[in-house]
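Notes for the structure review
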Amino acid sequence: MSMMIFEKLVELYEQEGLDVAAGLNPTLANDFFAAPYTWLIRDGVSVTDALGISPTEIYLLESLARVKVAQKVFIVGNGFGWSSIAMALANPDSRVVAIDSCHDENTLEGIDVTNRIARKAGINVTALKATSPKDVTNVIGETLGSVDLAFIDGFHGQKQILKDYRALAPFVDRRNGLFLFHDVLSLNLSQSFQQIVGESGWQGKILPSTTSGMALLVPELTPNLSSVARAWGGKSSAWSVIRAAAAAQGQKTGVDQRKEVISYVRNIDERPEKQ
């Protein structure tokens, strides 16, 4: 591909009259929790009720596609299709089917935008108005038949991701399939994820290096997948160093911490030079 996936995505959405704002450091946005994710803006107003995956998480999709190519991808939660289109670009020979219940204000339009972008870009993505778990069996039966990669990014509730997983599990390849879950750490879904790991008998790995703390579930962590999981999952001993540094800051916000660093640098920068 002649262009990195994030750059290509920006181009495709700009062609639809949508400006992209993604990956902003929260301390540059008054400690705003949602700043790192992808926002789609039209005429100065966000149209994304469900924000898109971050640029860092797009890079994870690329990393996974390099070691485990998916041909049949099913996505719960489409929004404006940002992750659906990204998944297809990461896996160029795949067929991607995404569903969204369209409960949010703009997501019904998002179905049309997704399908239009896919058609113009010549990629095999279909977005449908449908609900998980109720419609999963019928939609997969009418489209993919079976699933290589399932991405669960719908309503981020403890009960809902269990329902999503259980609806999809019968269709995901038991020897070579892959589940990817969004927002596991950021929205406190670890308990349900661990329950899913137990039910599946598969190997699960939470990936704290992704913006939302995504999680991976596979039948076996092959050497190639282990390499990806190790890089994105890190070691608990290393993460504990960061947590200790954060605890040492007490109740200071990230914005205040950034101001302190700027002040420190400025003080050094403004010292008279020694002759």
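Above: the structure in question.
So, a few notes on the structure that sits alongside this text. Keep in mind it's a predicted model, so treat the numbers as computed, not measured. (Residues numbered from 1 in each chain as written. Predicted model: local features only at pLDDT ≥ 70, side-chain atom pairs only at ≥ 80, totals over all residues. Heavy atoms only, no water.)

**Digging into the overall build of the protein**
Along the protein, the regular secondary structure elements total ten helices and ten strands. Compactness check: the protein gives a C-alpha radius of gyration of 20 Å against a globular reference of 19 Å for 275 residues, within 12% of the reference. Projecting the C-alpha coordinates of the protein onto the three principal axes gives extents of approximately 75 × 45 × 35 Å. In the protein, buried positions account for 45% of the 275 residues. Pairs at least 24 residues apart make up 66% of the contacts formed inside the protein by residues separated by at least 6 positions. Of the roughly 14,200 Å² of accessible surface on the protein, a fraction of 50% belongs to carbon and sulfur atoms. (Helix = DSSP H or I, 4+ residues; strand = E, 2+ residues; numbered from the N terminus. Rg over C-alpha atoms; globule rule 2.2 N^0.38 Å. Buried < 20%, exposed > 50% of the residue type's maximum accessible area, 1.4 Å probe, protein only. Contact = heavy atoms within 4.5 Å. Areas by Shrake-Rupley, 256 points an atom, 1.4 Å probe, with all protein chains shown as cover.)

**Digging into the nonpolar core**
Counting 43 residues, the largest nonpolar core has Leu9, Tyr13, Ile85 and Leu180 as the members making the most contacts within it. Each residue touching Ile85, except ones within four places of it in the same chain, is listed here: Leu9, Leu12, Tyr13, Thr114, Ile117, Ala118, Ile123 and Val125. Counting residues in hydrophobic clusters, the runner-up holds 31 residues, among them Val139, Ala150, Ile161 and Tyr165. (Core = buried A, V, L, I, M, F, W, Y, C linked by side-chain atoms within 4.5 Å.)

**What about the sheet that holds strand β1 (residues 19–22)?**
By way of backbone hydrogen bonds, the strands of a sheet pair with one another, either parallel or antiparallel. Taken in spatial order, the three strands make up an open sheet running β1-β2-β3, and their pairing is antiparallel. Of all the strands in the sheet, just β1 and β3 (45–46) have a single pairing partner and so form its edges. (Pairing = 2+ DSSP bridges.)

**Here we look at the environment of Gly17**
Relative to the assigned elements, Gly17 resides in the loop between α1 (5–14) and β1. According to the relative accessible area criterion, Gly17 is partly exposed, its value standing at 45%. Separated by 120 residues in the primary sequence, Gly17 and Thr137 place their C-alpha atoms 35 Å from one another.

**Here we look at helix α7 (residues 190–200)**
Side chains three or four residues apart in an α-helix point the same way, a direct result of the helix having 3.6 residues per turn. Listed as buried for α7 are Ser192, Phe193, Ile196, Val197 and Ser200. Seen along its axis, α7 keeps its buried residues to an arc of 145 degrees; they face one direction. Within α7, the exposed residues directed more than 90 degrees away from the buried face are Gln191 and Gly198. On its buried face, α7 sits against α6 (158–168), β8 (178–181), β9 (203–207) and β10 (214–218). Residue Gly201 follows α7 closely and has a positive phi angle near 75 degrees. (Arc of directions from axis to C-beta.)

**Some remarks on the sheet that holds strand β7 (residues 149–152)**
An order of β6-β5-β4-β7-β8-β10-β9 is seen for the seven strands of this open sheet, with the pairing classed as mixed. Where the open sheet ends on each side, the last strands, each with one partner, are β6 (125–129) and β9. Averaged over all neighbouring strand pairs, the angle between strand axes comes to 15 degrees, with direction disregarded. Against the sheet, helix α2 (residues 55–67) contacts β8, β9 and β10, and its axis sits at roughly 170 degrees relative to β8. Packed on one face of the sheet, helix α4 (residues 107–121) meets β5 (95–100) and β6 and runs near 160 degrees to β6. (Axes fitted to C-alpha atoms, helices over the stretch in contact; angles between N-to-C directions.)

**Some remarks on the packing of α2 against helix α3 (residues 82–90)**
Packed helices, taken two at a time, are described by the angle their axes make and the gap between the axes. It is the contact of α2 with α3, at a shortest axis distance of 9 Å, that shows an interaxial angle of 30 degrees. As the angle between them shows, α2 and α3 are arranged roughly parallel. For the pair α2 and α3, the crossing hand works out as right-handed. On the side of α2, the interface is formed by Ile58, Leu61, Glu62 and Ala65, while α3 contributes Trp82, Ala86, Met87 and Ala90. Considering only residue class, the contact of α2 with α3 consists of seven nonpolar, no polar and one charged. (Parallel < 35°, antiparallel > 145°, perpendicular 65-115°, else oblique. Left-handed = near helix turned anticlockwise from the far one by under 90°. Nonpolar A, V, L, I, M, F, W, Y, C, P; charged D, E, K, R; others polar.)

**Concerning the pattern of salt bridges**
Throughout the structure, instances matching the rule amount to seven salt bridges. Bridged by salt links that share partners, the residues Glu16, Arg116 and Lys120 form one connected network. (Salt bridge = Lys/Arg side-chain N within 4 Å of Asp/Glu carboxyl O.)

**Quick word on α2**
Over its 13 residues, α2 runs 19 Å from end to end, which matches the ideal 18 Å to within 8%, given 1.5 Å per residue. Listed in full, the buried residues belonging to α2 are Glu57, Ile58, Leu60, Leu61, Glu62, Ser63, Leu64 and Ala65. Residues of α2 that are buried sit in contact with α1, α3, β8, β9, β10 and α8 (223–233). (Expected span 1.5 Å × (residues − 1).)

**Remarks on the layout of surface pockets**
The space that makes up the largest pocket amounts to roughly 750 Å³. Lining the largest pocket are 37 residues, with Ala50, Asp153, Gly154, Phe155 and His156 positioned closest to its centre. For the lining of the largest pocket, the elements supplying multiple residues, two or more each, are β2 (38–42), α3, β5 and α6. Per-class residue counts for the lining of the largest pocket are 14 nonpolar, 17 polar and six charged. Approximately 240 Å³ is the volume attributed to the second largest pocket. When grouped by side-chain class, the residues that make up the lining of the second largest pocket number four nonpolar, one polar and one charged. (1 Å grid on protein atoms, 1.4 Å probe; cavity = no way out; pocket = protein on both sides within 12 Å on 5 of 7 lines; lining within 4 Å. Points joined across faces, edges and corners; volume = space filled by probe spheres on them.)

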